[in-house]
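Close look at the chain arrangement
Single-letter residue listing:
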Amino acid sequence: MGWRALVVALGLSLALLCAGALPAADEEGNQDESLDSKTLSAEDQVKDHSTGTRVVAGQIFLESGKSDSQSEDEENFHSQEEEKENSLEELNSLEMSNLLNKDLEEAEMQSPVLTAIGGTADGEPCHFPFLFMEKEYAECTADGREDGRLWCATTYDYKKDQKWGFCESEEQSNKRRQMQEAEDVYQIGMKILNESSKKAQKKVAYQYLLKAADMNHTKAMEKVSYALLFGDYLKQNIQSSKELLEKLTEEGSPKGQMALGFLYASGLGVNSSQAKALVYYTFGALGGNLIAHMILGYRYWAGIGVLQSCESALTHYRLVANHVASDISLTGGTVVQRIRLADEVENPGMASGMLEEDLIQYYQFLAEKGDVQAQVGLGQLHLHGGRGVEQNHQRAFEYFNQAANAGNSHAMAFLGKMYSEGSDVVPQSNETALQYFKKAADMGNPVGQSGLGMAYLYGRGVPVNYELALKYFQKAAEQGWVDGQLQLGSMYYNGIGVKKDYKQALKYFNLASQGGHILAFYNLAQMHATGTGVMRSCHTAVELFKNVCERGRWSERLMTAYNSYKDGDSNSAVVQYLLLAEQGYEVAQSNAAFILDQKASIVGENETYPRALLHWNRAASQGYTVARIKLGDYHFYGFGTDVDYETAFIHYRLASEQQHSAQAMFNLGYMHEKGLGIKQDIHLAKRFYDMAAEASPDAQVPVFLALCKLGVIYSLQYVREINMREVFSHIDMDQLLGPEWDLYLMTIIALLLGTIIAYRQRQHQAIPRPAGLRPAVPQQEPPPEHQPPQ
């Protein structure tokens, strides 16, 4: 790439150096965009490979050690501080006052002086504070003016001296008022958007946002550009979205830079350019956009457009994972629903894990009738969301309350969780949470035991008691509850209430990760990244951090894209899946390829197969079997590439060896049978057919038919290869049938001739009737055309 490569490399190096020092300046509004970026302290961002970790999401991670360079730096720092203190002590009071006065003078010189414009004191500096209407003002004000222009007094007492001037020109004033009006319109739109769940109301909200965007309100422009890109409550318009994103990029919006990079990466509305995409992603990440960091992490991990670098991927993924982990609440957060479109087509309703509306209504009917299990199940569904049920804490609280009143310990424990965490529906109350946890724990419920352990660990409503916390966590962990396992691992990691033991910590973190706990993955990633208790493994740490990052709030777009596809809007769905695919979601890559495979209209007809091939390839590299088989199919039939049987054979073989795919084995059998991409070998073909039948019961019928065909081919081939005369010349009839075989043969022939003659005579004895006479029972006679000739 020449100079471009150099620029990109320099930019990326700068990004890696600065990523830990720049605050996250990109605030996101809702799940349609990236997560609300929270400012990280320099300490949090610089810690990459130290053995110590910090407090994240209720976890106490103490510093377990410091590097030599860190200790040397600290010693130098302390020695410098001591020298400063000694030198200050040697100064007398006069010298100290002189220094202070000098500092104040320098500060006054450096601070900008506001000069009055117009009025009665044009060009004179504003005086702060100044007195107006018996009130002191420390800054410019619009009080006393109907036009809203800001002004200041140039002396302390305005009433006495009447000396004043404007703080801004008329043009600046108009611009400020316009931006204030845009902000008011934006806030109205956001209020409607956040408070309503109806689609019609959300469309009204976006009309307000459109108006604010037309007034150059940055956040409104960001919202509208994304809505136009994805078709969310506005008609999808890639070109209009691109124009807004270019404007945002010029203004330095990290969100705009990230989205424009996505357009160049996917070739939507612009000519595809991975170099430009990389530059925009880098600037977006420097501005603190978490999705940009996630995209760069995936690109460095997979080597897409950059040299593969595990350490660079670790830097980006860790930063995003810190934000995701800090947002995890005691209730666990929203469930990520991963639905594969290809699997759902083959098995409708089975692969998605979605609950049918009729089934939900049936459970609601049972709950209303007092079925405790249905109440608890619906409570958990509404608490976490997922499986087609929206997150609703109010409904969850009501169902748990009903079940708890019926004496269900699980419902009591979850009520304790909700009170401990607090929300808009349930006020935070440690005392109430403790009561529910105690009731559930007394009944042996592991959720209640874990909650009680958390109360004693952090002193929520009770004095801190590590021994009791350890006791309750052990009880919960013994029953397989993931929160108990996680907290027990944390106590062993930090040596709280027990002797520090990294092996035990690793054991319990692994157990919790098997239950799918996000913080367990995060803690394991930290241990592998720093080499704490295990051999340091960058690759393992990146995979674990990637798993954590994919549980962020942006994962909710997976369901939004799926709903768009189910509603028949494949263009909106494919764009959303493409963005998630850029972030490294394997399910989004396969779903985007699946929609492109069906000729999505948003992409040119000649580009669908090549783009689908690209995303099938990325999904296959992450271990998805169907994607690997699809790669083989594309090369076999020449979809989006040239026909290449050898490459197809390689992909089928990988799917067969690594994922034990019956389809891949069957395809390998067919290619061996036909000699496509490999030397023809009927024996190997039969072997692969047999392996396919063993791998999957669904393959047994096609394998049976293929083996029948293979048997016929083999028989014909065998007949062609042998010499029939030689076969008969080697046959000894005396030895095979005995010495009198000729008599036996003549007897058999005579019997056959006798049988034929007897049959013919019986046929001749049938006398035909005259044409005028009609048989009494005509149905007993054969039809005339079937009678033998006389």
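Residues numbered from 1 in each chain as written. Predicted model: local features only at pLDDT ≥ 70, side-chain atom pairs only at ≥ 80, totals over all residues. Heavy atoms only, no water.

Turning our attention to the overall build of the chain. Along its length, the chain carries 37 helices and four strands. Expressed as a percentage of contacts within the chain between residues at least 6 apart in sequence, the contacts between residues at least 24 apart total 53%. Total accessible area computed for the chain in this model is approximately 42,600 Å², and 52% of it derives from carbon and sulfur atoms. (Helix = DSSP H or I, 4+ residues; strand = E, 2+ residues; numbered from the N terminus. Contact = heavy atoms within 4.5 Å. Areas by Shrake-Rupley, 256 points an atom, 1.4 Å probe, with all protein chains shown as cover.)

Axis separation between helix α26 (residues 557-566) and helix α27 (residues 570-582) bottoms out at 8 Å; the angle between their running directions is 155 degrees. It follows from the interaxial angle that α26 and α27 lie roughly antiparallel. As for the relative orientation of α26 and α27, their crossing is left-handed in sense. Between α26 and α27, the contacting residues are Arg557, Leu558, Thr560, Ala561, Tyr562, Ser564 and Tyr565 on the first element and Ser572, Ala573, Gln576, Tyr577 and Leu580 on the second. Broken down by class, the residue content of the contact of α26 with α27 amounts to seven nonpolar, four polar and one charged. (Axes fitted to C-alpha atoms, helices over the stretch in contact; angles between N-to-C directions. Parallel < 35°, antiparallel > 145°, perpendicular 65-115°, else oblique. Left-handed = near helix turned anticlockwise from the far one by under 90°. Nonpolar A, V, L, I, M, F, W, Y, C, P; charged D, E, K, R; others polar.)

Take a nonpolar patch on the surface next. A grouping of Leu359, Tyr362, Tyr363 and Phe365 is seen on the molecular surface, where their side chains present a nonpolar patch of about 370 Å² in accessible area. Residue position: Tyr362 is located in helix α15 (residues 357-368). Its relative accessible area of 46% is what places Tyr362 among the partly exposed residues. (Patch = residues over 30% accessible without salt bridge, like charges linked within 9 Å, V, L, I, M, F, W, Y side chains within 5 Å. Salt bridge = Lys/Arg side-chain N within 4 Å of Asp/Glu carboxyl O. Buried < 20%, exposed > 50% of the residue type's maximum accessible area, 1.4 Å probe, protein only.)

This paragraph deals with α27. The terminal C-alpha atoms of α27 lie 18 Å apart, and with 13 residues this matches the ideal 18 Å at 1.5 Å per residue to within 8%. For α27, the complete set of buried residues consists of Asn571, Ser572, Ala573, Val574, Val575, Gln576, Tyr577, Leu578, Leu579, Leu580, Ala581 and Glu582. Downstream of α27 by a residue or two, Gly584 has a phi angle that is positive, lying close to 100 degrees. (Expected span 1.5 Å × (residues − 1).)

Next up on the list: the state of the cysteines. Under the defined criterion, the tally for this structure stands at three disulfides. Here Cys126 pairs with Cys152 through a disulfide, and the sulfurs are 1.8 Å apart. Torsion about the S-S bond of the Cys126 and Cys152 cystine: about -55 degrees, corresponding to left-handed handedness. In this pair, Cys126 is assigned in the loop between α4 (93-110) and β1 (130-132) and Cys152 in strand β3 (residues 151-153), connecting sequence segments 26 residues apart. (Disulfide = S-S within 2.5 Å.)

On to the pattern of salt bridges, then. Applying the stated criterion to the full structure yields 16 salt bridges. The closest approach of N and O atoms between Arg340 and Glu586, which form a salt bridge, is 2.7 Å. A residue pair is termed long-range when its members are at least 10 positions apart, and Arg340 in the loop between α13 (310-326) and α14 (341-346) and Glu586 in helix α28 (residues 586-597) qualify at 246 residues. Among the residues examined, Arg340 registers a relative accessible area of 21% and is labelled partly exposed. Note that Asp690 is salt-bridged to Lys686, the shortest N-O span being 2.8 Å. Taken as a pair, Asp690 and Lys686 lie in helix α33 (residues 682-695) at a separation of four residues, close to a single helical turn. Take Lys686: its relative accessible area is 41%, and that puts it in the partly exposed class.

Let us now look at the nonpolar core. Counting 155 residues, the largest nonpolar core has Phe262, Leu263, Tyr317, Tyr577, Ile595 and Trp616 as the members making the most contacts within it. Apart from residues no more than four positions distant in its own chain, Tyr577 is found in contact with Leu341, Leu558, Ala561, Tyr562, Ala588, Asn591, Ala592 and Ile595. Among the nonpolar cores identified, the runner-up in size contains 12 residues, and Phe132, Tyr137, Trp151 and Trp164 belong to it. (Core = buried A, V, L, I, M, F, W, Y, C linked by side-chain atoms within 4.5 Å.)

For the rest of this paragraph, the subject is the confidence of the model for the chain. Model confidence for the chain is summarised by a mean pLDDT of 79, while 76% of its residues fall at 70 or above. Here helix α2 (residues 42-46) stands out as the element of the chain with the lowest mean pLDDT, 34, in contrast to helix α12 (residues 290-302), whose mean of 96 is the highest. Overall, residues 1-97 carries pLDDT values under 50, and its contacts beyond four positions in sequence, including any with other chains, amount to 153 contacts. Taken as a whole, residues 769-790 scores under 50 in pLDDT and shows six contacts with residues more than four places along the chain or in a different chain. (pLDDT = per-residue confidence, 0-100.)

Here we take up helix α20 (residues 446-458). The end-to-end C-alpha distance of α20 is 18 Å, a good match for the 18 Å that 13 residues give at a rise of 1.5 Å each. Among the 13 residues of α20, 12 are classified as buried, and the element is accordingly described as predominantly covered. Listing the buried residues of α20 in full gives Pro446, Val447, Gly448, Gln449, Ser450, Gly451, Leu452, Gly453, Met454, Ala455, Tyr456 and Leu457. N-capping of α20 is provided by Asn445, with a side-chain oxygen placed 2.9 Å from the backbone N of Val447. (Polar contact = N/O pair within 3.5 Å; in protein donor to acceptor, adjacent residues only side chain to side chain.)

Cis geometry marks the peptide bond from Phe128 to Pro129, where omega comes out at -5 degrees. Phi angles above zero are rare outside glycine, and Met133 is one such case at about 55 degrees. Along the polypeptide, Met133 turns up in the loop between β1 and β2 (135-137). Owing to a relative accessible area of 68%, Met133 belongs among the exposed residues under this scheme. Even without being glycine, Asn216 reaches a positive phi, approximately 65 degrees. For Asn216, the position within the fold is in the loop between α7 (199-214) and α8 (218-230).

Contact geometry for α8 and helix α10 (residues 254-266): axes closest at 10 Å, N-to-C directions at 20 degrees. As summarised for this structure, α8 and α10 are arranged roughly parallel, according to the angle between their axes. Here α8 and α10 pass one another in a crossing that is left-handed. For the pair α8 and α10, contact is made by Glu222, Tyr226 and Leu229 and by Lys255, Met258, Ala259, Phe262 and Leu263, respectively. For the contact of α8 with α10, the per-class residue count stands at six nonpolar, no polar and two charged.

Time to look at the packing of aromatic side chains. Summed over all chains, the structure comprises 27 aromatic pairs. Ring geometry for Tyr226 versus Phe230: centroids 6.0 Å apart, planes at 75 degrees, classification edge-to-face. Here Phe230 and Tyr226 lie together in helix α8, a separation of four residues that amounts to about one turn. Classification of Tyr226 as buried rests on a relative accessible area of 3%. Overall, Phe230 belongs to the buried group, its relative accessible area being 0%. Between the aromatic rings of Tyr634 and Phe639, the centroid separation amounts to 5.8 Å while the plane-to-plane angle is 85 degrees, which identifies the pairing as edge-to-face. Overall, the relative accessible area of 1% leaves Tyr634 in the buried class. Overall, Phe639 belongs to the partly exposed group, its relative accessible area being 31%. Over the aromatic face of Tyr226 sits the side chain of Lys255, whose NZ or CZ is 5.9 Å from the ring centroid. (Phe/Tyr/Trp six-rings, centres within 6.5 Å; stacked < 30°, edge-to-face > 60°. Lys NZ or Arg CZ within 6 Å of the ring centre and 35° of its normal.)

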